Amino acid sequence: MNISALHVALLAFSLSACGSQKSASSTGETPAPTTSASAPIVAPPAATKTPVTDEYHGTKVVDDYRWLENWEDAKVQEWTKAIDAFTRSTLSGLPQVEAIHSRVDQVLSHAAVSYYGLAQSGGSFFALKHQPPLKQSLLVQLSSLSDLSSEKVVLDPNQLDESGSTTIDFYRPSPDGSMVAISLSKGGTESGDVSVYGVATGKAMHEVVPRVNGGTAGGDLVWQPDGKGFYYTRYPRGEERPVADSNFYMQVYFHALGTPTENDRYEIGKDFPRIAEIELSMHAPTGRLLATVQDGDGGEFAHYMRDRKKRWKQLSEFGDGHVQIAFGPGTDLFVISTKGAPRGQVLRMPANGSVAKAKLFVAETEDTVVSSFWGSRSLVSSGGRIYVSYQLGGPSQLRAFSNKGAVLEAPEQLPSSSAGSMVPLEDGSLLFVNGSWTTPSAWFRFDPKSGNTEKTALVEEAPIDLSQVKVER
């Protein structure tokens, strides 16, 4: 749970109002006059009850105010204007309203630096850095997560485009960390072309691969283990599809560095749904490629794997309840499934096996396994361990399991907090984000060998002091 602008605003209102009123009463000063130019409106306008009855599964539900949903109705507009006038009259008449407004403005304009989308490759760390007042996030490289002086800018889109309208959609560092493939889009279109940049030079190299990312279904890319090319998602080009379908029908292609993109090799996707969303995952030791395909945003997934003999095999189908498949230790695959387990369970299967014959690894519990997509995976493997993200009502929690499914010591996490964005590191440790209602989000590193969880230097600073605020659940 990041401290959102809404949380900050509400706290600022409460704290500022209390502080201002206390100050005025203790000093004997007269409260600030109302900013309303006219007399306050004493009562809100009445809303007429016009019952509408619906029946759902044999139960009748009465809605007295359905008529207010029709904005084209002149009576609705009249009532809305009246309630707005009453609200403004009431709020503007409150004491210290100007002081509150000033404090909220100060809090919301706080320029907090934050890091997200972390990855490690070739011993280096990479991250997207949000740095106000710059309009767009930067891609940076760090040699240490505890020393921000090691930070180096790989690409600043604000320098590429002075208008500030060029955005980094996503990035993927090469296996040795010497290059990074970056999807760049302009003007909020999210229609991104991928360029390859040298990390040492910060200069573009090789050819640009067009139409990799899109606003309808995003996009993804994974490098071949030898770093000589990458698999990527591709939207229709030219006249391959009618104009109405140009931002749909995503497929997977392979691009070899130094070759024309027109010669890229088709891999899979011609039979996928029009609104398919694809996420790619590479198992570097074996070269196996996993494609997770979501049928729109309805929560139904199908999974396909390309084996070492370059053959694609379908592992699961839409609607069968298998939400996520991930590479684990060795060559096994781990499956998050809701089939027969609404809160989620974890299954295990050989890479050359069948999901239908997968064996139970972690049984369903009272808490719910998080169903995630697009980079923030809810199951990852690191250092021979399996980490799974669970939802506990509002808060979330990371749990650790051995290669045999035994419960192990989990990373230390803040109480009633949100934990996620797990990143397995090359030394077997785990990087993750943790934050709560009273503690700003920060990146933490868990070392399973020592059992220690340490906060990195990648911490978001809060604009207000919440040390005296207590959270109860």
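Residues numbered from 1 in each chain as written. Predicted model: local features only at pLDDT ≥ 70, side-chain atom pairs only at ≥ 80, totals over all residues. Heavy atoms only, no water.

### Observations concerning the overall build of the protein
So, point 1. Looking only at helices and strands, the protein has four helices and 31 strands in total.
So, point 2. Judged by the C-alpha coordinates and their principal axes, the protein covers about 80 × 60 × 50 Å.
So, point 3. A total of 473 residues make up the protein; the buried ones form 45% of that total.
So, point 4. Here the analysis covers contacts within the protein between residues at least 6 apart in sequence; of these, 41% occur between residues at least 24 apart.
So, point 5. When the accessible surface of the protein is totalled, it reaches about 24500 Å², and 52% of it is carbon and sulfur.
So, point 6. Computed over 43 positive and 53 negative side-chain charges, the inter-centroid distance for the protein is 7 Å. (Helix = DSSP H or I, 4+ residues; strand = E, 2+ residues; numbered from the N terminus. Buried < 20%, exposed > 50% of the residue type's maximum accessible area, 1.4 Å probe, protein only. Contact = heavy atoms within 4.5 Å. Areas by Shrake-Rupley, 256 points an atom, 1.4 Å probe, with all protein chains shown as cover. Lys, Arg positive; Asp, Glu negative; His and termini not counted. Charge placed at Lys NZ, Arg CZ, Asp CG, Glu CD.)

### Description of the pattern of salt bridges
So, point 1. Here the structure, examined in full by the defined rule, presents 15 salt bridges.
So, point 2. A salt bridge links D54 to R66; the shortest N-O distance between them is 2.4 Å. Here D54, found in strand 1 (residues 52-56), pairs with R66, found in the loop between strand 2 (59-63) and helix 2 (74-92); they are 12 residues apart in sequence, far enough to count as distant.
So, point 3. Notably, a salt bridge pairs D307 with R311, separated by 3.2 Å at the nearest N-O pair.
So, point 4. The exposure class of R311 is partly exposed, given its relative accessible area of 48%.
So, point 5. Three or more residues are tied together by salt bridges with common partners; here these are D54, D63 and R66. (Salt bridge = Lys/Arg side-chain N within 4 Å of Asp/Glu carboxyl O.)

### As for the sheet that holds strand 9 (residues 192-198)
So, point 1. Here we have four strands laid out as an open sheet, ordered 7-8-9-10, and antiparallel in their pairing. Of all the strands in the sheet, the pair left with one neighbour each is strand 7 (166-173) and strand 10 (204-213). Across the sheet, the mean angle from the axis of one strand to that of its neighbour is 25°, orientation sign disregarded. (Pairing = 2+ DSSP bridges. Axes fitted to C-alpha atoms, helices over the stretch in contact; angles between N-to-C directions.)

### A word on the packing of aromatic side chains
So, point 1. If you walk through the whole model with that rule in mind, you get nine aromatic pairs.
So, point 2. Each ring, one from Y253 and one from Y266, has its centre 5.6 Å from the other, and the planes form 75°; the classification is edge-to-face. Taken together, the residues Y253 in strand 13 (residues 251-256) and Y266 in strand 14 (residues 265-268) connect sequence positions 13 residues apart.
So, point 3. The exposure class of Y253 is buried, given its relative accessible area of 11%.
So, point 4. On the basis of relative accessibility, which here comes to 30%, the residue Y266 falls in the partly exposed class.
So, point 5. On the basis of an interplanar angle of 85° and a centroid distance of 6.3 Å, the ring pair of Y387 and F446 is categorised as edge-to-face. Note that Y387 is positioned in strand 25 (residues 385-391) and F446 in strand 30 (residues 442-447), a separation of 59 residues in sequence.
So, point 6. Classification of Y387 as buried rests on a relative accessible area of 0%. (Phe/Tyr/Trp six-rings, centres within 6.5 Å; stacked < 30°, edge-to-face > 60°.)

### Observations regarding the confidence of the model for the protein
So, point 1. In this model, the protein carries a mean pLDDT of 90, and residues with pLDDT of at least 70 account for 91%.
So, point 2. Overall, residues 1-37 carries pLDDT values under 50, and its contacts beyond four positions in sequence, including any with other chains, amount to 53 contacts. (pLDDT = per-residue confidence, 0-100.)

### Quick look at the nonpolar core
One broad rule of soluble globular proteins: the nonpolar side chains tend to lie buried together.
So, point 1. Membership of the largest hydrophobic core comes to 18 residues, with the highest contact counts inside it found for Y231, F272, I278, L280 and Y304.
So, point 2. Listed by contribution, the elements that provide at least two residues to this core are strand 13, strand 15 (276-283), strand 16 (288-295) and strand 17 (301-306).
So, point 3. With four residues, the single largest contributor to this core is strand 15.
So, point 4. The contact partners of Y304, leaving out residues within four places of it in the chain, are I268, F272, L289, L290, A291, V293, W312, K313, Q314 and L315. (Core = buried A, V, L, I, M, F, W, Y, C linked by side-chain atoms within 4.5 Å.)

### Describing the sheet that holds strand 11 (residues 221-223)
So, point 1. Strand order in this open sheet of four strands is 11-12-13-14, and the pairing throughout is antiparallel. In this open sheet, the two edge strands, each paired with only one partner strand, are strand 11 and strand 14. Pairs of neighbouring strands in the sheet enclose a mean axial angle of 25°, with direction left out of account.
So, point 2. Relative to strand 12 (residues 229-234), strand 11 runs antiparallel, the two being bridged by three bridges. Looking at strand 12, one finds that W223 is bridged to F230.

### Some points on the pairing of strand 3 (residues 114-121)
So, point 1. Burial runs high along strand 3: six of the eight residues are buried.
So, point 2. Sheet analysis places strand 3 next to strand 4 (residues 124-130), joined by six bridges and oriented antiparallel. Across the sheet, the residue bridging to A119 is F126, located in strand 4.

### Some remarks on helix 2
So, point 1. If you check helix 2, its first and last C-alpha atoms are 27 Å apart, about what 19 residues at 1.5 Å a residue would give, namely 27 Å.
So, point 2. Residues of helix 2 that are buried include every one of V76, F86, S89 and S92, and no others.
So, point 3. Those residues of helix 2 that are buried are in contact with helix 3 (97-108).
So, point 4. Its side-chain oxygen at 2.9 Å from the backbone nitrogen of K75, D73 defines the N-terminal cap of helix 2. (Expected span 1.5 Å × (residues − 1). Polar contact = N/O pair within 3.5 Å; in protein donor to acceptor, adjacent residues only side chain to side chain.)

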